[in-house]
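Tertiary structure, described
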Amino acid sequence: MADALRNRLSCTESASDYLAEGKIILPFGSIMPPQRTTGKPSAPQSSETRQSRRQNTHCLIPWHQQFTKSPVGRTVGLCYQRNMSLPDLTISVIIPLSNGAAHITQALDSVFGQSVAPFEVVVVDDGSTDDGPAFVAQYAQNKPLVLLRNSNAGRAAARNFGVSQSSGQLIAFLDQHDIWHPNHLRELSLPFAGPDGAIVGWTYSNVDEIAADGSLRIRSGLSGRPGEHPKRQLEKCLSDDLMIVPSASMIARSAFDAVGGFDEHLCGYEVDDLFLRLFLARYHNVFIDQPLTQWRMHAGNSPHEPSLAPSHMQFARKLLALFPDDPGLSRFYARDIIAPRFLRHVVSQTRTALKQRNAVEAEACLRDISFLESHISAVPKPYPLRDELFITAVIPLYNGGRFIREAISSIFDQTLLPDEVIVVDDDSTDDGPDIVREMSLHYPIQLIHKPNGGQSSARNLGVEHAHGDLIAFLDQDDAWYPNHLAELVKPFLERRMVEVGWTYSDLDEINDGGELIARAIAVETQAEHPKRSLIGCLRHDMFILPSASLISRRAFLQIGGFDERLLGYEDDDLFLRLFLAGFENVFLPDSLSKWRISGTSCSYSPRMAVSRLVYAQKLMQRFPDDTNMERYLIRDLIAPRFFRLIAIELRRATRNGTREQQRSTLADLRSIARHLRATQRIPLQVVGLPALRIPPLARFIMGHTAALSSIYRRILGR
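Residues numbered from 1 in each chain as written. Predicted model: local features only at pLDDT ≥ 70, side-chain atom pairs only at ≥ 80, totals over all residues. Heavy atoms only, no water.

1. Some points on the pattern of salt bridges
Formally: Salt bridges are defined as contacts in which a side-chain nitrogen from Lys or Arg sits within 4 Å of a carboxyl oxygen from Asp or Glu. Secondary structure follows DSSP: runs of H or I at least 4 residues long count as helices, runs of E at least 2 residues long count as strands, and numbering of each begins at the N terminus.
Applying the stated criterion across every chain, the model contains 39 salt bridges. Across the pair Arg-341 and Asp-272 runs a salt bridge, and its minimum N-O distance is 3.0 Å. Residue Arg-341 is found in helix α12 (residues 333-355), and its partner Asp-272 is found in helix α10 (residues 270-280); the two are separated by 69 residues along the sequence. A salt bridge links Lys-618 to Asp-563, with the nearest nitrogen and oxygen atoms 2.7 Å apart. Taken together, the residues span a long stretch of sequence, with Lys-618 in helix α21 (residues 606-622) and Asp-563 in the loop between α19 (553-558) and α20 (570-580) at a distance of 55 residues.

Spelled out as C-alpha cells, the structure:
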C-alpha cells in the first residue's frame, strides 16, 4: 500500500498545474468579508457548504475555484474515521502570519517545493504591521494560495481560523519562520494511508534547529531533548513538554475537529495542549525520527519565553484541574508530575526576570511558585521543594567608596552567582554611590537611596526589595572568596527535620590594604559553632558576621529582621532570635569570606559601645533571673560577659579616648556590675570601680594589662 501511495503521490499535479490547466482566478479583493463568529474549527461539512463558505471569505489574493479531488465524508468521533483510500488524501497547509516579512517567502518556497503538492495553502494574517501580507500577495501572483485576514488574536486563533476555512483531510501547519525539507509532506502523510491509518490522529518528525540567519545549529534537535517519541504514556506526556513542533506535524482533520482545535486562551502552550488532548482521545501518533523541518530558533517561538509565563500557568492550572490527585488510587499526577514540571519552568523565568531587574515579572513568578508548591505539599516542609533557590546579595553602603568596588567585584566573581544584587545607600557623602552606578552599567545592580539610619535599617530595606529565598549580606569593606555562595547554599538544599534558618562560615581577617592578618578566626574564639544551646549563645558573643552568613528570607521576615535601635550588636541580636525561633543553623569551618578590621571599622566605634549596653539591657529584660527555677542567666552569663567587654572598652578609652568617653564607659561598667554575684559585685563596688574614677590611678591600672586580666579572672571567678 505504501508503494501504491508513492506512485500516486509522484503523479500528483504540482502547484503550478493549477494555473496551467486554466483554473478560474478571481480579481484581487472581489470577494465579500466572512461572517465569522469564532476561530475554532467547524464540524465536517459537505462540498456545497465548503463552496458557500469560500464565497463568504475575504480573499486578499486569488483563489482557485475548481478541484480535481472530490471531498471525502468524515465521521467525527473519539478515534474512528473512515480509512482514507489512496486517491482521497488531501492536504491543507495552514500558515499563521504575524509580522513575518523576514522569512515568509522562504516558508512558502518550501511549501511549493514539496515532492507532494498540497491540496491547498491558506495563509492567515493575524494583524501584521510589516510587509508580510504584501509579500504573500506578490507571491500569489504565480502560486495558488489564499490569504485571509484575522483580527490580532494570536497564533492559536489564526490556526483555528485557517483550519475552519480549509478542506483537506490532513492539516499541515507551518510557522512563518520555519522551512520544510522537500519530502516533508510525503513522509508525514504515508502513515495515514497505511493499515492503521483509520486510527492515526497525527504524525510528526524530528527537526533541524536553525539560527535566525538560517545556519544550522543542531541536526535532529529533538534527539537531545527530554521527551518520549512517539507518545505512548500519559505520565511522560505530563512530566515534560511534548516537544512536538507544529511545523513538523500533520494532523487528521477529523481528529482536530473532534478535540476542538487549539485552545485560544493559551499562547505558548496551545501546541502541547492540542496534542495532549489528541492523545487523551486515544488517537494514535507516529514519530518519524528524521528531520523533515528546519525549526528556526528566535525570540518568541519558545514556550519558555518569559512573556509567555501567563500562558504557562494557564496550562498548568488546566492540567491540575484535569488530573487532580487521587489518594484512593495512589495516583498523584498533580503532586509528583505536573506541579514539579511547571515549577522548573517558572524558576527559570524568575531567574531571567531578576537578571533583567523586572520586579513586576519576578513577583508574579514568585506567586506562581507558591501556587505550584502548594500542590506539591499543602503543609510547609522544613526543606525546599525545588532544586534551585534564589539568592539576593544585600550591601549596606555608607561612605564606603574606598572598598565598595572590591566588595561588589567579589560578588560577581562567585562560582554561583546571586540572582540579584541590591546596594542600599544610607545617605553617603563620598563617591561610593557613584562607583556603584558606574559598576551597574556592567553588572545587574539595583541601587536604593535612603536617609541615614544605620546599617540595620539599610539591611532591612534591602531585604524588603529582595526576591530571593536566601539573603547574603556583605558589608561594604568585606569581600567573599569565590566559593562563598556555592558552599553556604548546600545545607539549604538538604532534606532536614528542622528548617535551616542560616548557614555561616569561618572567615579570615584582613587589614586596610587587604593583607591577611589571621586565618579562620571564628574557631579561635570562645563562641561555640554551630549554635546548639541558649547558654552558649548568651555566655559569649555569637561571632557570626553577616558577611559570612546566608540567611533564609522567610526566617528573617518571621523574626522581624534587624533591630534598628541597634547600631552595633544587631547581628548578635538577629542570630539569637533566629536560634530562639527554632531554626537550624549550620557552620562551615572553612573560611569563605574576608573580614576587614580598620581604624574606621564600626566594630570598635563609640556607637558600638552605646549599642553594646543597649543590647545587654535588652537581653536582661528578655532573660531575667528566676530564683524559683534557680536559673540565673543574667547573674551567671549576661552580666559577666558584658562586664568583660566593657572593661576592655574602658581600657581603650583610658589610654586613647577622651575624658567624656572614659566617664561614659565607666558608668556602663557600674550599671553592669550591679548584676554580678555578690562575691564579685561587692569588691568592685567598694574598691575597683571607685579607683577607676581617679584618672591617674585608672591610667596606672589600665596600663598593666596582665595584672588587670588577673584581677578580672579572680573577680569573675574564671
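There is more to say after this.
2. Comments concerning the pairing of strand β6 (residues 200-210)
Put simply, the rule is: To sort residues, take the accessible area from a 1.4 Å probe on protein chains only and compare it with the maximum for the residue type: under 20% means buried, over 50% means exposed, and anything in between is partly exposed. A pair of strands is considered paired only if DSSP assigns at least 2 bridges between the two.
Taken across its eleven residues, β6 has eleven buried, putting it largely inside the fold. Judged from the ten bridges that link them, β6 and strand β9 (residues 284-296) form a sheet pairing that is parallel. Bridge pairing in β9 places Glu-209 opposite Trp-295.

3. Section: the packing of aromatic side chains
The way to describe two aromatic rings as a pair is by their centre distance and the angle between their planes. Under the convention used in this document: Note on aromatic pairs: the rings of Phe, Tyr and Trp (six-membered ring only in Trp) are paired at centre separations within 6.5 Å, and the planes decide the class, stacked below 30 degrees, edge-to-face beyond 60, tilted for the rest.
Counted according to the given criterion, the structure contains 20 aromatic pairs. Look at Phe-173 and Phe-262: their rings are 5.3 Å apart centre to centre, the planes differ by 70°, and that puts the pair in the edge-to-face class. Here the residue Phe-173 occupies a position in strand β4 (residues 170-173), and Phe-262 occupies one in the loop between α9 (253-259) and α10, the gap between them amounting to 89 residues. Under the relative-accessibility criterion, Phe-173 is labelled buried at 1%. Overall, Phe-262 belongs to the buried group, its relative accessible area being 1%. Summarising the aromatic geometry, the rings of Phe-315 and Phe-342 are spaced 5.9 Å apart at their centres and angled 75° between planes, so their arrangement reads as edge-to-face. With Phe-315 in helix α11 (residues 309-322) and Phe-342 in helix α12, the pair connects residues that are 27 residues apart, well separated along the chain. Phe-342 sits in the buried class, given a relative accessible area of 1%.

4. Describing helix α6 (residues 155-164)
For an α-helix, the turn length of 3.6 residues means that residues three or four places apart are oriented alike. Within α6, nine of the ten residues are buried, which leaves the element mostly enclosed by the surrounding structure. Those residues of α6 lying buried are Ala-156, Ala-157, Ala-158, Arg-159, Asn-160, Phe-161, Gly-162, Val-163 and Ser-164.

5. Observations regarding unusual backbone geometry
Most of the time, phi is negative for any residue but glycine, and the peptide bond is trans. Backbone torsion omega between His-229 and Pro-230 reads -10°, so that peptide bond is classified as cis. In this fold, Pro-230 is placed in the loop between β7 (216-218) and α8 (234-239). Omega for the bond connecting His-529 with Pro-530 falls within 30 degrees of zero, at -10°, which places this linkage in the cis form. Within the element layout of this structure, Pro-530 appears in the loop between β16 (516-518) and α18 (534-539). The phi angle at Arg-282 is positive, at roughly 70°, despite the residue not being glycine.

6. A look at the packing of helix α4 (residues 104-112) against helix α5 (residues 132-139)
Quick reminder of the rule: Convention adopted: a line fitted to C-alpha atoms gives each axis, helices being fitted over their contacting stretch, and angles between N-to-C directions are expressed from 0 to 180 degrees. Here is the rule for handedness: rotate from the far helix to the near one, and if that takes an anticlockwise turn smaller than a right angle the crossing is left-handed, while a clockwise turn gives right-handed. Note on contacts: a residue pair is in contact if any heavy atoms of the two residues lie within 4.5 Å.
At a closest axis distance of 10 Å, the pairing of α4 and α5 adopts a crossing angle of 35°. Crossing of α4 over α5 shows right-handed handedness. Contacts between α4 and α5 involve Ile-104, Thr-105, Leu-108, Asp-109 and Phe-112 from the first element and Gly-132, Phe-135, Val-136 and Tyr-139 from the second.

7. Notes on the confidence of the model for the chain
As a reminder of what qualifies: Per residue, pLDDT measures the predictor's confidence, with a range of 0 to 100.
In the predicted model, the chain carries a mean pLDDT of 85, and the fraction of residues at 70 or more is 82%. Across residues 1-86 the pLDDT falls below 50, and counting only partners more than four positions away or on other chains, this stretch makes 186 contacts in the model.

8. Observations regarding the packing of helix α14 (residues 404-412) against helix α15 (residues 432-439)
Here is the rule: We call Asp, Glu, Lys and Arg charged. Ala, Val, Leu, Ile, Met, Phe, Trp, Tyr, Cys and Pro are nonpolar, and the rest, Gly among them, are polar.
Direction vectors running N to C along α14 and α15 enclose 30°, while the axes themselves pass 10 Å from each other. Along this stretch, α14 crosses α15, giving a crossing that reads as right-handed. Residue-level inspection shows Ile-404, Arg-405, Ile-408 and Ser-409 of α14 in contact with α15, the latter providing Gly-432, Ile-435, Val-436, Glu-438 and Met-439. In terms of residue class, the contact of α14 with α15 is made up of five nonpolar, two polar and two charged.

9. A few points about the environment of Tyr-383
Here is the rule: In protein, a polar contact requires one atom able to donate a hydrogen and another able to accept it; more generally it is a pair of N or O atoms within 3.5 Å, and residues adjacent in sequence count only if both atoms are side-chain atoms.
The topology assignment puts Tyr-383 in the loop between α13 (359-376) and β10 (391-397). You can call Tyr-383 buried: its relative accessible area is 18%. With 115 residues separating them along the chain, Tyr-383 and Val-498 place their C-alpha atoms 7.9 Å apart. The contact partners of Tyr-383, leaving out residues within four places of it in the chain, are Glu-494, Arg-495 and Arg-496. In this structure the side chain of Tyr-383 is engaged in a polar contact, spanning 3.4 Å, whose partner is the side chain of Arg-495.

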